[in-house]
Structure formats: structure tokens, C-alpha cells
Amino acid sequence: MLSSATRDARLDLRMTADNRALIGEAAQLNGTSLSDYVMSVVVRAARSDVLQARVLRLDPEAWDEFVAVLDDPDTDAMVALRSRATRWDDSAR
């Protein structure tokens with residue numbers, strides 16, 4: 001479902017007439033406008049792609065190794081790294 005937020009950005013696409021006709025037919029079959037149809041499909045695909053890029057998937061053996069590394073005591077280098085201010089920390093600016 002589309003957000004009721006103000007639409008204040010634009011995306012223009014060049015495509016073949018056949019693709020335009022196909023997308024138009026799909027929008028009609030879904031009982032929606034061409035713009036709303038394209039937005040719903042593209043936003044759904046974008047969310048899926050972003051989620052795929054952000055999710056870490058490990059098999060059970062790799063997961064156990066990952067957890068073991070997290071459970072290891074910090075090295076001196078890691079302690080120093082954790083004490084540094086981050087770029088997004090307001091107090092560092």
C-alpha cells in the first residue's frame with residue numbers, strides 16, 4: 001500500500017512501447033493507476049533488495065564461529081578502536 005505522504009520527487013523512465021503497454025495492462029488488472037502500480041512494485045522490490053543487503057546469513061557452523069569471536073576478550077587494538085569517537089557522534093564535531 002502506498003503512503004499518504006506528499007509526493008514531492010519525480011522519477012522519469014524511458015522504455016519500449018511494449019513494456020509500457022504491459023505495465024499499463026498489469027495496472028488495469030490490479031485496478032490501480034499506472035503510477036501507483038509502478039510505485040508499489042518498485043518500492044516492494046527496493047525494500048527486498050535493501051533487506052537482502054542488510055541481513056547476515058550464516059550456516060550453523062559459521063554462526064558458532066561468529067559467536068565465539070564475539071565472546072573472546074577484546075585485544076588492546078579493539079579496546080583502542082572502541083574508545084575512538086565515531087563520525088556520527090555529535091560530541092566529536
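All values derive from a computational prediction rather than experimental measurement. Counting restarts for each chain: residues are numbered from 1 in the order of the written sequence. Only residues with pLDDT of at least 70 get local features here, since the model is predicted, and only at 80 or more are side-chain atom pairs given and counted; chain-wide, interface and lining totals rely on the full set of residues. Side-chain numbers here rest on the full set of heavy atoms in the structure, without hydrogens or water.

Student: Break down the overall build of the protein chain for me, with residues and values.
Tutor: Labels follow the DSSP assignment, with helices taken as runs of H or I lasting at least four residues and strands as runs of E lasting at least two, numbered in each case from the N terminus. For the protein chain, the count of helices and strands is 4 helices and 0 strands. Seen in sequence order, the protein chain has helices and strands lined up from the N terminus as α-α-α-α. As defined in this context, the radius of gyration uses C-alpha atoms, and a globule is described by 2.2 Å times the residue total to the power 0.38. Computed over the C-alpha atoms, the radius of gyration of the protein chain is 23 Å, more than 25% above the 12 Å expected from 2.2 N^0.38 for a compact globule of 93 residues. If one aligns the C-alpha atoms of the protein chain with their principal axes, the spans along those axes are about 60 × 40 × 25 Å. Here the protein chain, with 93 residues, has 4% of them falling under the buried criterion. Taken together, the 12 basic and 16 acidic charged side chains of the protein chain have centroids lying 12 Å from each other. Type-normalised accessible area, obtained with a 1.4 Å probe on protein chains alone, sets the label of each residue: buried when under 20%, exposed when over 50%, and partly exposed for intermediate values. Here Asp and Glu are counted as negative and Lys and Arg as positive; His is not counted, and neither are the chain ends. Charge positions come from single atoms, namely NZ of Lys, CZ of Arg, CG of Asp or CD of Glu.

Student: Tell me what's going on with helix H1 (residues 17–29), and back it up with residues and numbers.
Tutor: Multiplying 1.5 Å by the residue count of a helix minus one yields the expected span of that helix. Taking 1.5 Å per residue, 13 residues should reach 18 Å; H1 reaches 18 Å between its end C-alpha atoms and fits that length. Backbone geometry just downstream of H1 places Gly31 in the positive-phi region, at approximately 65°.

Student: Can you tell me about helix H3 (residues 60–71), naming the residues and giving the values?
Tutor: Two residues of an α-helix separated by three or four positions point the same way, owing to the 3.6 residues in each turn. For H3, spanning 12 residues, the distance from its first C-alpha to its last is 16 Å, which sits close to the expected 16 Å at 1.5 Å a residue. The opening residue of H3 is Asp59, an N-cap whose side-chain oxygen sits 3.1 Å from the backbone nitrogen of Glu61. For this analysis, a polar contact is any N or O atom pair within 3.5 Å, provided that within protein one partner can donate a hydrogen and the other can accept it, and provided that sequence-adjacent residues contribute only side-chain to side-chain pairs.

Student: Hey, could you go over a nonpolar patch on the surface for me, with residue numbers and the actual values?
Tutor: A cluster of nonpolar side chains, Leu56, Leu58, Trp63, Phe66 and Leu70, forms an exposed patch at the surface whose accessible area comes to about 510 Å². Mapping Trp63 onto the fold places it in helix H3. What goes into a patch is any residue over 30% in relative accessible area without a salt bridge, connected to like charges within 9 Å or, for nonpolar side chains (Val, Leu, Ile, Met, Phe, Trp, Tyr), within 5 Å. Method for areas: the Shrake-Rupley scheme with a 1.4 Å probe, in which residue coverage is limited to the protein chains shown. Here, a salt bridge means any Lys or Arg side-chain nitrogen found within 4 Å of an Asp or Glu carboxyl oxygen.

Student: Give me the pattern of salt bridges: which residues, what numbers.
Tutor: One pass over the full model with this rule turns up 3 salt bridges. A salt bridge links Arg82 to Asp74, with the nearest nitrogen and oxygen atoms 3.0 Å apart. Relative accessible area serves as the criterion here: at 40%, Asp74 is assigned to the partly exposed category.

Student: Describe in detail the environment of Ser33, supporting the description with residues and values.
Tutor: With respect to the helices, strands and loops of the structure, Ser33 is situated in the loop between H1 and helix H2 (34–54). Among the polar contacts made by the side chain of Ser33, one reaches the main-chain amide nitrogen of Asp36 at a distance of 3.0 Å.

Student: Can you break down the packing of H1 against H2 residue by residue, with the values?
Tutor: Structural elements are reduced to axes, namely lines fitted to C-alpha atoms, with helices fitted over the stretch in contact, and the angle between N-to-C directions of any two is expressed from 0 to 180 degrees. Direction vectors running N to C along H1 and H2 enclose 95°, while the axes themselves pass 9 Å from each other. For the element pair H1 / H2, the angle class is roughly perpendicular. Side by side, H1 and H2 meet where Arg20, Ile23, Gly24, Ala26 and Ala27 of the first sit next to Leu34, Tyr37 and Val38 of the second. Any residue that is not Ala, Val, Leu, Ile, Met, Phe, Trp, Tyr, Cys, Pro, Asp, Glu, Lys or Arg is counted as polar, Gly included; the first ten are nonpolar and the last four charged. Partitioning the contact of H1 with H2 into residue classes produces 6 nonpolar, 1 polar and 1 charged. Every angle not falling under 35 degrees, over 145, or within 65 to 115 is termed oblique; those three ranges are roughly parallel, roughly antiparallel and roughly perpendicular. In this analysis, two residues are considered to be in contact whenever any of their non-hydrogen atoms come within 4.5 Å of each other.

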